[in-house]
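Spelled out from the first residue to the last, the chains are:
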Amino acid sequence: MWTWFHKLASPPYAYDVAGKCQPWFWWPSLILMAVSAYGGLVLAPPDYQQKDAFRIIYVHAPSAWMSLFVYSTMAIAAGVGLIWRIKLAHAFAAACAPIGVWFTGLALITGSVWGKPMWGTWWAWDPRLTSELILLFLYLGYLSLRSSFEDISRADRASAVLAVVGVVNVPIIHYSVIWWNSLHQGPSVTKTGAPTIDPSMLWPLFCMIVAFMLFFAAVMCDRLRAEILKRERSAKWLMKEVAVAHERDGVPNV
Amino acid sequence: MFEHFLAMGGYAAYVWSCYGITLFALIVIAMSGRAVYQRELNAARRRTLANQTNSAGLTA
């Protein structure tokens, strides 16, 4: 197990694995998304309070979940990069951020569109909403901090510190609806206790979250490979990869 | 029946705009990932070609 991890930390191996795994993330993700959308939009009954507007949960909650999941993944990778000085971990963290920005933006926008008919307002300075907005700024801060360095390894270290420090926001977002009196509804699914949502409404939500995770993994394959290419400027194995690409697509005009 | 489904109990504008925005964002996330990878791959290919030409020039 550990030797496999060590192997995975080597850029050529990771590059190869990411390329091979990608289709295995793509197809299940797309199929699962279609199934959960059908389950959420057609099969699930309307909510007794929110009626059909509750169906927004099937895109809002998975996006919000991903915004936290991607950030946690990024912070862990950045921490691993800082402590053990593994370049690939930094590459992984850097690849996470642009995807996380999109998921966070998506959670905020779909939440806002859901809030309008349910709360009567697009936005409120509520603990959950405000802490999610701070998450968006953390992602953007991470990206702009990276782009302010020309040297990749300095960018890696500086941005990793920001990512690790910013992780305190993750539990704040998660527990904000419990700690404070929030406009946002409480969690429907908790680790302890039965879910407060009917199974016919729950399974599409659960499947959509899995579909979003697979989607993230599929996109990460591309982004991680791009980061590896950016960092491994003159490695020998890369020449081989490039030669294969030449053969496949023809030699580009320089 | 289908019109009833589209109407979403009067919440059509909110529900469908959320699904539309999400679909759009997912497509952008996927395509930008692909584009970044393609850009770095092309850059790497240009670098190797330049290296090959350089070393060929030196040995000739």
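Heads up: the structure comes first, above all this text.
Everything quoted here is computed from the prediction, not taken from an experiment. Residue numbering note: each chain is counted from 1, following its sequence as written. Chain letters and ligand numbers both follow the written order, the letters beginning at A and the numbers at 1. With the structure being a predicted model, the display of local features is reserved for residues of pLDDT at least 70 and the display and counting of side-chain atom pairs for 80 or more, all residues being used for whole-chain, interface and lining totals. The side-chain quantities take in all heavy atoms of the structure and omit both hydrogens and water.

## Observations regarding the overall build of chain A
Scanning chain A from N- to C-terminus turns up nine helices and zero strands. The N-to-C order of helical and strand elements in chain A reads α-α-α-α-α-α-α-α-α. By its C-alpha atoms, chain A is 60 × 40 × 35 Å across when sized along the principal axes. The rule is simple: take the accessible area with a 1.4 Å probe, protein chains only, and divide by the maximum for that residue type; under 20% is buried, over 50% is exposed, in between is partly exposed. When burial is assessed residue by residue, chain A has 48% of its 254 residues classed as buried. In this text, helices come from DSSP runs of H or I with a minimum length of four residues, and strands from runs of E with a minimum of two, each type numbered from the N-terminal end.

## Points about the pattern of salt bridges
Oppositely charged side chains may form a pair once their charged atoms are brought near each other. Residue and element names in this part refer to chain A. The working definition used for a salt bridge is a side-chain nitrogen of Lys or Arg within 4 Å of a carboxyl oxygen of Asp or Glu. A full pass over the atoms with the stated rule returns eight salt bridges over all chains. With its nearest N and O atoms 2.9 Å apart, the salt bridge here joins D52 to R55. By relative accessible area, R55 is classed as buried at 4%. Here E227 makes a salt bridge to R231, at a shortest N to O gap of 2.9 Å. In this pair, E227 and R231 are both assigned in helix α8 (residues 199-231), four residues apart and thus about one turn of the helix distant.

## Some words on helix α9 (residues 236-249) of chain A
Residue and element names in this part refer to chain A. Counted at 1.5 Å a residue, the expected span for α9 with its 14 residues is 20 Å, and the 20 Å between its end C-alpha atoms agrees. What α9 keeps buried is the set W237, L238, V242, A245 and H246. Of the residues flanking the end of α9, it is G250, one or two places downstream, whose phi is positive at about 85°. Each helix should span, by expectation, one fewer than its residue count multiplied by 1.5 Å.

## Details of the environment of M213(A)
All names here are of chain A. Along the polypeptide, M213 turns up in helix α8. M213 sits 144 residues away from F69 along the chain, and the two C-alpha atoms are 8.8 Å apart. We call two residues in contact whenever any of their non-hydrogen atoms come within 4.5 Å of each other. Discounting residues that sit within four places of it in the chain, M213 has contacts with W65, M66 and F69.

## Points about the interface of chain A and chain B
Quite often, the size of an interface is put as the accessible area lost when its parts meet. Facing 47 residues of chain A, the contacting portion of chain B comprises 31 residues. Accessible-area loss on putting two parts together, using a 1.4 Å probe and summing over both, is the definition of buried area adopted here. Contact with chain B buries area across many residues of chain A, yet L41(A), W102(A) and D222(A) alone supply 16% of it, more than any other trio. Between the two partners, chain A and chain B, sit one salt bridge. Between R34(B) and D222(A) there is a salt bridge, with the nearest N and O atoms lying 3.7 Å from each other. Polar contact is the term for a pair of N or O atoms within 3.5 Å; when the atoms are in protein, one must be able to donate a hydrogen and the other to accept it, and sequence-neighboring residues count only if both atoms are side-chain atoms. At the junction of chain A with chain B, the criterion picks out six residue pairs in polar contact (both at pLDDT 80 or more).

## Regarding the side chain of E132(A)
Residue and element names in this part refer to chain A. Relative to the assigned elements, E132 resides in helix α5 (residues 127-147). A residue counts as positive if it is Lys or Arg and as negative if it is Asp or Glu; His and the chain ends are not included. Comment: no salt bridge for buried E132; closest opposite-charge side chain is R128, at 6.1 Å. For E132, the side chain forms a polar contact with the side chain of S67, separated by 2.9 Å. Once residues lying within four places of it in the same chain are set aside, the contact partners of E132 are S67, T104, A107, L108 and I173.

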